[in-house]
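Residue-level listing of the chains:
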Amino acid sequence: MKTLASLFKKNIREYGMLIALVMIMVFFQWKTGGILMKPINITNLVLQNSYIIIMALGMLIVIVAGWIDLSVGSVAAVIGAVAAVLMVRLDVNWVVTFMISLLAGALIGAFQGYWIAYAKIPAFIVTLAGMLVFRGLTLVILNGEAVGPFPVGFQKLSSGFIPDFFNYDGLHLTTIVIGGLLSIILIFMDIKNRKNQQKYGFDVTPFYFFIIKNIVITGAIMGLCFLMASYKGLPNVLVILVILIAFYGFITSKTTLGRRIYAMGGNEKAARLSGVNSPRLLFYTFVNMGVLSALAGMIVAARLNVATPKAGDGFELDVIAACYIGGASASGGIGKIIGAVVGAFLIGVMNNGMSILGIGIDWQQAIKGLVLLLAVYFDVYNKNKSI
Amino acid sequence: MSDVILEMRNITKEFPGVTALKNVSFSVRRGEIHALVGENGAGKSTLMEVLSGVHPYGSYSGDIYFEGKECQFRDITQSEAVGLVIIHQELALIPFLSIAENLFLGNERAKNGIIDWNKTISDAEALLKKVGLKESHSTLITNMGVGKQQQVEIAKALAKEVRLLILDEPTASLNESDSEKLLELLLQLKENGISSILISHKIGEVSKVADSITILRDGATIETLDCAKETITEDRIIRGMVGRDLTHRFPERKSNIGETIFEIRDWNVYHPLHTDRKVSDNINISVRRGEVVGISGLMGSGRTELAMSIFGEAYGTNISGTAYKNGEEIDISTIEKAISNGIAYATEDRKAYGLILIDQIKDNITLANLDAVAGHGVINEPQEMTVTGEYRDKLGIKCSSILQLARNLSGGNQQKVVLSKWLFANPEILFLDEPTRGIDVGAKYEIYTIINQLASEGKGIFLISSELPEILGICDRIYVMREGKIVAEMQSSEATQEKVMKYILTNKR
Ligand SMILES: Nc1ncnc2c1ncn2[C@@H]1O[C@H](COP(=O)(O)OP(=O)(O)OP(=O)(O)O)[C@@H](O)[C@H]1O
Ligand SMILES: [Mg+2]
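Owing to the predicted nature of the structure, the values given are computational and were not obtained by experimental measurement.

Peer 1: Sorry, what's going on with the sheet that holds strand E4 (residues 61–66) of chain B here?
Peer 2: Hydrogen bonds between backbone atoms are what pair the strands of a sheet, whose relative direction is either parallel or antiparallel. All names here are of chain B. The strand order E2-E1-E4-E5 describes an open sheet built from four strands, whose pairing is antiparallel. The open sheet has two edge strands with one neighbour each: strand E2 (18–29) and strand E5 (69–70). Two elements, strand E1 (residues 4–15) and E4, share five bridges in a ladder whose sense is antiparallel. Across the sheet, the residue bridging to Arg 9 is Asp 63, located in E4. Sheet contacts for helix H1 (residues 44–52): E1, E2 and E4; angle to E1, the most-contacted strand, approximately 115 degrees.

Peer 1: Looking at this structure, how should I read the site of ligand 1?
Peer 2: All names here are of chain B. Taken together, 19 residues are adjacent to ligand 1, and Gly 41, Ser 45, Thr 46, His 201 and Gly 412 come closest. One of the backbone nitrogen or oxygen atoms of Gly 41 is found 2.8 Å away from an oxygen atom of ligand 1. His 201 places a side-chain nitrogen or oxygen 2.7 Å from an oxygen atom of ligand 1. Alone, ligand 1 offers 650 Å² of accessible surface; in the complex the protein occludes 92% of this. Of all the secondary-structure elements, those providing two or more residues to the shell around ligand 1 are E2, H1 and helix H14 (411–424). Class assignment of the residues belonging to the shell around ligand 1 gives a composition of five nonpolar, eleven polar and three charged.

Peer 1: Looking at this structure, I do not really get the pairing of strand E23 (residues 477–482) of chain B. What am I missing?
Peer 2: For a regular strand, side-chain orientation follows a simple rule: the groups alternate between the two sheet faces. Residues and elements named next belong to chain B. For E23, the tally of buried residues reaches six of six residues, placing the bulk of the element in the interior. Residues Arg 477, Tyr 479 and Met 481 point to one face of E23 and Ile 478, Val 480 and Arg 482 to the other, with burial holding for every one of them. Sheet topology note: the strand E15 (residues 292–297)/E23 ladder contains five bridges and is parallel. Looking at the pairing, Val 293 lines up with Arg 477 of E23. Sheet analysis places E23 next to strand E24 (residues 485–491), joined by six bridges and oriented antiparallel. Its bridge partner lying in E24, Arg 477 is registered against Gln 491.

Cut-off values and rules
- One numbering rule holds for all chains: residues counted from 1, following each sequence as written.
- By the order in which they are written, chains take letters starting at A while ligands take numbers starting at 1.
- The model is predicted, so local features are restricted to residues of pLDDT at least 70 and side-chain atom pairs to those at 80 or more, both for listing and for counting; the totals for chains, interfaces and linings are taken over all residues.
- Values shown for side chains rest on all heavy atoms present in the structure; no hydrogens or waters enter the calculation.
- When DSSP finds at least two bridges between two strands, those strands are taken to pair.
- Counting from the N terminus, the helices are DSSP H or I runs at least four residues long and the strands are E runs at least two residues long.
- By definition, residues are in contact when any of their heavy atoms lie within 4.5 Å.
- For helices, the axis comes from a line fit to the C-alpha atoms of the stretch in contact; other axes are also lines fit to C-alpha atoms, and the angle between any two N-to-C directions lies between 0 and 180 degrees.
- To be near a molecule or strand, a residue needs just one of its heavy atoms within 4 Å of it.
- Any pair of N or O atoms that falls within 3.5 Å is considered a polar contact. Within protein, one atom must be able to donate a hydrogen and the other to accept it, and sequence-neighbouring residues count only if both atoms are side-chain atoms.
- In this description, accessible areas are obtained by the Shrake-Rupley approach with a 1.4 Å probe, and a residue is regarded as covered only by the protein chains that are shown.
- Residue polarity follows a fixed list, in which Ala, Val, Leu, Ile, Met, Phe, Trp, Tyr, Cys and Pro are nonpolar, Asp, Glu, Lys and Arg are charged, and the others, Gly among them, are polar.
- Each residue's exposure class comes from its accessible area (1.4 Å probe, protein chains only) as a fraction of the maximum for that residue type: buried when under 20%, exposed when over 50%, partly exposed otherwise.

Rendered as C-alpha cells:
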C-alpha cells in the first residue's frame, strides 16, 4: 500500500488541472453571486465552448504527434462560409451540406497534411500559411458579407436539445436517465480496470480513494444533468461532444493507431525504425484535424445562425492553450484527451465567468495568458520534482 | 595534503520505486586511475551523478568530501568550479560548432562578454596538443569520428582546470585502437597529477590501467581492490561483479547450418547528403539458416550504413541491388516491407534510434509488432503486460515494473529493451548492431546465449561488432568491411585476431 503522501504527490499531477478547474468554478460562483452555476448559464457555457473542445480533440493529437496547427480558426471559418453559401444561396439540403462540409474539411486537412508529412515542411509554417489562405478564402466565398439565416434543422445542430420521452413537469427526465446510465457505465469500466490491474499485480490506488473518486465523478455528472434537466435538458451539442470525447479517448489510449501516434511524437526516428509509417500517420492526423475543424465551424455558424468573415478568429489560441493547460507536452509524445477537455473547460469557465463579471476582453486575454503560463509551469515543476 | 582526493560516505539515493544506492562509500586517492565496475543497473552512473551535482544536494543522503572539504553541489557548474568534470557516455558536444568553440563552451575566453578569438584559438591549439589530437581547431564536430570527439571532450575538461576526471563508459563506442589511445591519454594525465574515475564494462582495459577497482553490485559497494598490492586478474574482477565464477565468456554452441535464407547482391548505397559519395560499394553478402555472420570493421567503415540501407532503405539514397530470401527476390524498399519480410535491425544508438524514452518499457517492447497483442486495432493490454513481462524475465531487464519509463533505465538495461523489441517482432533475419555495447559481462553471456538460441531456431543473424573477441567467439563466418567495401570473408575456424585486424586496417590512411 502506498503512503498517503506519495499518493497525493502522484495524483496532484493527474488531477491537478481538475482541481484547478473546480477551484476556478468555485471562485466564479462566489464572485458572480451564483450566476455561473445557474442552469441556463451552464447550458450556455457548454454551447459556447463546444467548438473549442471539438477542435481541442484534434489538436491534442496533432500536438502529441509532435506538431501544431495554427489554421484551425480559419478552417472553421471557411467551412462555415461554404456551408452557408450551399444552404442559403444554392438551396442545398442541410444534411447534404453537412456531409459536403465535413468532406471539404478532410480535403483541407489532406492538403496541409501533404505538405507537412510528405513535403517535410514544418507544420508551423504550413498551417501559418493555411491560416492566411483560408481566412482569405472565407472573405472571397462570402464576398465580405454575412450569410444567413439557416434552415431550422441546421440550427438545431447547435441550439437544439434532445427530446424528452417522459412528460414530467419542470424536469427533463430523459437527461437524468442518460446521466444515470453514463455514470453506471463509467463505474463499471473503472471496476473492471481495477480488477485487471490487481490481476497483474500492479499497485492500485487504495480502496477508499477509489470509492471517493467514483463518488465525485458520479456526483459531478449527475449534478450537471440535474442542472440541465431543470432548464431544457441536454443540448444536442453536448451529446455529440460526449460521443466524440469517448471515441477519441478510446482511440488514443486503447488502439494500435493511438500507440503509434504517441511513439511517433516521442521519438520519430525510433518509431520509424520500428516500422511505424510516420508520414502516413501524420497525414491522417491532419486530415482528422481538418474534419473536426469543419464540424466546429458548422457549429459556430449554426449557433450564430449566420456565417461571417470574422468567425473563428483567434480560436486556434484557445484551442492550443486548452491542450497545453491539459498537460500536453510541446515537444510531443505526451498528452491526454481528457486533459485537453479539462483544459478547454477551464478556459471556457474563465471566459464565461469574466464576461459575467464585466471584465473587458483586454484583461480577459491577459489573465488567460498568465493562467496558461502558470499551468504549464506547474506541470514542468512537478515533472522535474518526480524525476 | 592528504593523499585522498575524494571521499564519498554512506551515499544513499532513492528513485520512486528503487533504491539505486545503498550506503555506498567510495574514495579516490590522489593521482590514481580508479575504475568503477559492476553489472548494468548497479548504480555506477547514479553514483557519479550524485558526485557531480546532476542529482543535487538534498536529493540523496550521505557526505561528499573533495580535497578534504565537504561539498554540497546543487548543479554541475558548482562541481566543475572545484575541478570535478564528468564526461557522460552520450557526448555533449554541439555538432555544428567548431572544436575551439566547443572547447570553451560555457567557459569562453572572453572579456566583458566579447570573445577573444586569438586567445581562444591559441588555447585551443595548446589543449589539442596536450590530448594528442591532430585536427584543426576549426573542424566542425559533426565531421569527426566518435574517437576524436571523445578526445575533444577530454580537452574540454582540461580547459576547465580539471582535477578529478570522471569518464562514464568512454570506450563503449570506440574501436580498439581508439580505446588504446584514450587509455594512453588517461595514463598521461595521471603523470600530470590528474586523477580519474573510469566506468567501463571492458574488464580488459580496466585491469590494464586501473590502480584501484571498486565493485558495485545492486547499489552497494562490494569491495575495493588495490592493484598495487596484488595482481588482479580479469576473472577476479568478474567474480566480484557477478558474485560467482564465470568460467566461459562465450556459451558453448553447436552450429547447425542450413541453406541460404537471405542474400544481398550488387548492393550500392550513396550518402544521403553528399550524393556522389558511395557508402556501400558493390556489396554481396549472405546468411544461412542457423548461421551467425559477423561483420567486422572500424567505426565508420560503413557497417551500420549497410545494415540500415538493407532494412527498408532506412539510410542512404540511390540504393541499387537485389535482395533474396530463400532464393526468391523480395521487395524491401520500405521499413514496413522489410519487417513483414522478417527482417529486423536492432540499432547501435539506443537513445536516438532505438527507444521512445518517454514511453513505458512495455510500449517500447511491443512497438515493432503491435498487431501481435491487438485484435482489430485494439490493444489487449493484459496480454501485452504478460508478454512484455516474459521478455523482462528472459533478458533480465532490471526495472521496478514494466510500466517504468525507458528513460529511467540504466544504459545496459535500455539496450536489453531494444533487443526485446526485436525478439518480440519474431524476425527470421536479424541485424544486431553492437548488441552488447554497454552491457556487463554477465548479461553479455546471456545475450550470446539468446543469439545462439535464435540461430538454433533456424534464423539467420548478422552481428555487427567492434569487439573482435566477440566476433571470433560466437560467429560462424566473418566479413570484414573497410571504407564501404567487403574486403575479406573467412570462416571463423580459420580466423585469428591478427588476421582480421590486418584486413580491417590495411590501406588505412
Ligand atoms: N531517473 C530515474 N528514475 C528511476 N530509476 C532510475 C533513474 N535513474 C536510474 N534509475 C535506476 O537506478 C538504478 C541504477 O542505475 P545506473 O544508471 O546508475 O546504473 P549503471 O550502474 O550505470 O548501469 P549501466 O552499466 O547499465 O549503465 C537502475 O536500476 C535504474 O533503473
Ligand atoms: Mg551507466
